[in-house]
Amino acid sequence: MRILVTGGCGFIGNHVVRNSLTIPGVELVVNLDALRYSGNPENLTDIDDDRYRFVHGSINDSDVVDGLIQDENISVVLHLAAESHVDRSINSVKPFIETNIDGTRVLLESVVKNSTDEHQIHFIHISTDEVYGSLGPDDDAFTEETPLNPQNPYAASKAASDMLVQAFINTHNLSAIITRCSNNYGPRQYPEKLIPLMTLNALDNKQLPVYGDGLQIRDWIHVEDHANGILSSMLALYVGQINSGEIFNFGADNEQRNIDIVREIVSQTNVSESLIHFVTDRPGHDKRYAMKYEKAEKILGWKPEIDWQVGLTETIEWYMTNPDWIQSSNLDANEVTLV
Ligand SMILES: NC(=O)c1ccc[n+]([C@@H]2O[C@H](COP(=O)([O-])OP(=O)(O)OC[C@H]3O[C@@H](n4cnc5c(N)ncnc54)[C@H](O)[C@@H]3O)[C@@H](O)[C@H]2O)c1
């Protein structure tokens, strides 16, 4: 198997790259990453493996994408490259349209162009629970059948790319699946997202800005569990255990309120609760996400393994004990004030 990962220097991508190299039969893993603000080459410096290759380039560049797929004889594309932060999409939609929609279009066209009956290229599209919209307090969790109802520009760009993938499956016989996951946490997440931002602010004794009443609920999953879900679905498609067109939700039965997570970080970093500062809510802030993942459990034999309390404690410790990584993430402290 010869894999092209897009966005491998990002938070989830680096875990996917590392874990993919442990799979028997993987001959090559090429990581195509444009090194945008959240992409950090330091995330993969520990990899010492001749089968791994990093290419600094954009998924929007069709010459680069075509060249890699042809020259490296790629058989699987794991597509994670994206603009991934909702707040940024509210301030400026264009990069989200360019990367998440048009970048996906470039990859899809290249995969279709370079696939033959003898050499089929499989496409794994990494999506999010946000495409389903927001749940009320008593609503059932999202299933793969839940209609798409994105509520912010990031979610809309992801939903659009999901639909483009489905259209390519239908019209071009593309071999592809879509995975949709809930909120990830773990080491090496760019510190603009809730858990690393709050941890680093607490360590610097800075205010902890919480949107609105802090009662927004997310289903938190460890990034390693998500990475393993992605790789299980990839293998199932590759060996023909599942058909093109399948969608898999990954979740963790772990609904947590933002404010409770912030309080846990306060407690674990030993700072005063008075640092918590409620700020004007994000416009259009989704209230609740929750995922059913029975399909992945039944068909892929996947389930989340990492306990939330253990995973959260280890994650907070990781940010506390890796100042060099924080330095390397080039966080502009003035750039990010909210989560
Ligand atoms: N973080 C989550 O909780 C979560 C949950 C569900 C799904 N997802 C999805 O998983 C994927 C990865 O998310 P993440 O949290 O790792 O994001 P991230 O922002 O940490 O990483 C994105 C990576 O993509 C790269 N990139 C951006 N534009 C590019 C381009 N044009 N060409 C090549 N590379 C480019 C960046 O440099 C970065 O390395 C995204 O598709 C996201 O929508 C994320």
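Values in this document were obtained by computation on a predicted structure and should not be read as measured data. (Residues numbered from 1 in each chain as written. Predicted model: local features only at pLDDT ≥ 70, side-chain atom pairs only at ≥ 80, totals over all residues. Heavy atoms only, no water.)

Student: Explain the sheet that holds strand β1 (residues 2-6) to me, please; I cannot follow it from the model alone.
Tutor: Pairing between the strands of a sheet is mediated by backbone hydrogen bonds and can be parallel or antiparallel. The seven strands are arranged β3-β2-β1-β4-β5-β6-β11 in an open sheet whose pairing can be described as parallel. One side of each edge strand has no neighbouring strand; the edge strands of this open sheet are β3 (52-56) and β11 (247-250). Between one strand and the next, the sheet's axes are offset by a mean angle of 20°, whatever the strand orientation. Relative to strand β5 (residues 122-128), strand β4 (residues 76-79) is paired through four bridges, and the arrangement is parallel. (Pairing = 2+ DSSP bridges. Helix = DSSP H or I, 4+ residues; strand = E, 2+ residues; numbered from the N terminus. Axes fitted to C-alpha atoms, helices over the stretch in contact; angles between N-to-C directions.)

Student: Could you clarify how one ought to interpret the site of the ligand in this entry?
Tutor: Around the ligand there are 29 residues in total, and Asp 33, Ser 38, Ser 84, Tyr 154 and Lys 158 lie nearest to it. Between the ligand and Ala 34 there is a distance of 3.1 Å, counted from a nitrogen atom to a backbone nitrogen or oxygen. Here an oxygen atom of the ligand and a side-chain polar atom of Lys 158 are 2.7 Å apart. Surface burial for the ligand is 97%, taken as the share of its 840 Å² of free accessible area covered by protein chains. By residue number, the principal contributor to the shell around the ligand is β5, which donates three residues. Here the shell around the ligand is built from residues that sort into twelve nonpolar, 14 polar and three charged. (Near = heavy atom within 4 Å. Polar contact = N/O pair within 3.5 Å; in protein donor to acceptor, adjacent residues only side chain to side chain. Areas by Shrake-Rupley, 256 points an atom, 1.4 Å probe, with all protein chains shown as cover. Nonpolar A, V, L, I, M, F, W, Y, C, P; charged D, E, K, R; others polar.)

Student: Quick question: what am I supposed to make of the side chain of Thr 179 here?
Tutor: With respect to the helices and strands, Thr 179 occurs in strand β6 (residues 175-181). What Thr 179 contacts, discounting residues up to four positions off in sequence, is Ile 124, His 125, Ile 126, Ser 127, Thr 128, Ile 230, Ser 233, Phe 248 and Phe 250. (Contact = heavy atoms within 4.5 Å.)

Student: What am I meant to see in helix α4 (residues 94-114) here?
Tutor: Across its 21 residues, α4 extends 29 Å between first and last C-alpha, which sits within 8% of the 30 Å expected from 1.5 Å per residue. In α4, a bend of some 30° at Asp 102 exceeds every other bend along the element. Buried residues of α4: Phe 96, Thr 99, Asn 100, Gly 103, Thr 104, Val 106, Leu 107, Leu 108, Ser 110, Val 111 and Asn 114, and no others. Tucked into the core, α4 has its buried residues touching β1, α2 (62-71), β4, α3 (86-91), β5 and α5 (153-172). (Expected span 1.5 Å × (residues − 1). Bend = angle between axes of the 7 residues up to and from the residue. Buried < 20%, exposed > 50% of the residue type's maximum accessible area, 1.4 Å probe, protein only.)

Student: I'm lost on the packing of aromatic side chains in this one. Help?
Tutor: Each aromatic ring pair is characterised by the separation of its centres together with the angle its planes make. Counted according to the given criterion, the structure contains ten aromatic pairs. Judged by centre distance (5.0 Å) and plane angle (80°), the rings of Tyr 37 and Tyr 190 are edge-to-face. Residue Tyr 37 is found in the loop between β2 (28-33) and β3, and its partner Tyr 190 is found in the loop between β7 (184-185) and α6 (194-203); the two are separated by 153 residues along the sequence. Given a relative accessible area of 24%, Tyr 37 falls into the partly exposed group. A relative accessible area of 7% means that Tyr 190 is categorised as buried. Pairing Tyr 319 with Trp 325 gives two aromatic rings, centres 6.1 Å apart and planes at 65°, and the pair type is edge-to-face. Each of the two residues, Tyr 319 as well as Trp 325, counts as buried. Site record: aromatic cluster; members linked through ring pairs are Tyr 185, Trp 220 and Trp 308. It is Lys 295 that lies over the ring of Phe 248; its NZ or CZ is 4.9 Å from the centre. (Phe/Tyr/Trp six-rings, centres within 6.5 Å; stacked < 30°, edge-to-face > 60°. Lys NZ or Arg CZ within 6 Å of the ring centre and 35° of its normal.)

Student: Please explain the pairing of β5 as it appears in this structure.
Tutor: Side chains on a regular strand alternate between the two faces of the sheet. Within β5, seven of the seven residues are buried, leaving the element largely enclosed by the surrounding structure. Bridging between β5 and β6 involves seven bridges; their strand directions are parallel. Directly across from Thr 128, in β6, lies its bridge partner Cys 181. Running through α5, the crossover from β5 to the neighbouring parallel element β6 is right-handed. (Right-handed = clockwise from strand over helix to strand, strands pointing away.)

Student: I tried to follow the pattern of salt bridges on my own but got confused; where do I start?
Tutor: Side chains carrying opposite charge are able to pair once their charged atoms draw close together. The final tally for this structure, using the stated rule, is 18 salt bridges. Across the pair Arg 18 and Asp 46 runs a salt bridge whose closest N-O atoms are separated by 3.0 Å. Taken together, the residues Arg 18 in helix α1 (residues 11-20) and Asp 46 in the loop between β2 and β3 connect sequence positions 28 residues apart. A salt bridge links Asp 87 to Arg 282; its shortest N-O distance comes to 2.7 Å. In this pair, Asp 87 is assigned in helix α3 and Arg 282 in the loop between β13 (276-279) and α9 (294-300), connecting sequence segments 195 residues apart. Residues Asp 87 and Arg 282 agree in their burial class; the two are buried. Overlapping salt bridges, with partners in common, bring together Arg 2, Glu 27, Arg 53 and Glu 72 in one network. (Salt bridge = Lys/Arg side-chain N within 4 Å of Asp/Glu carboxyl O.)

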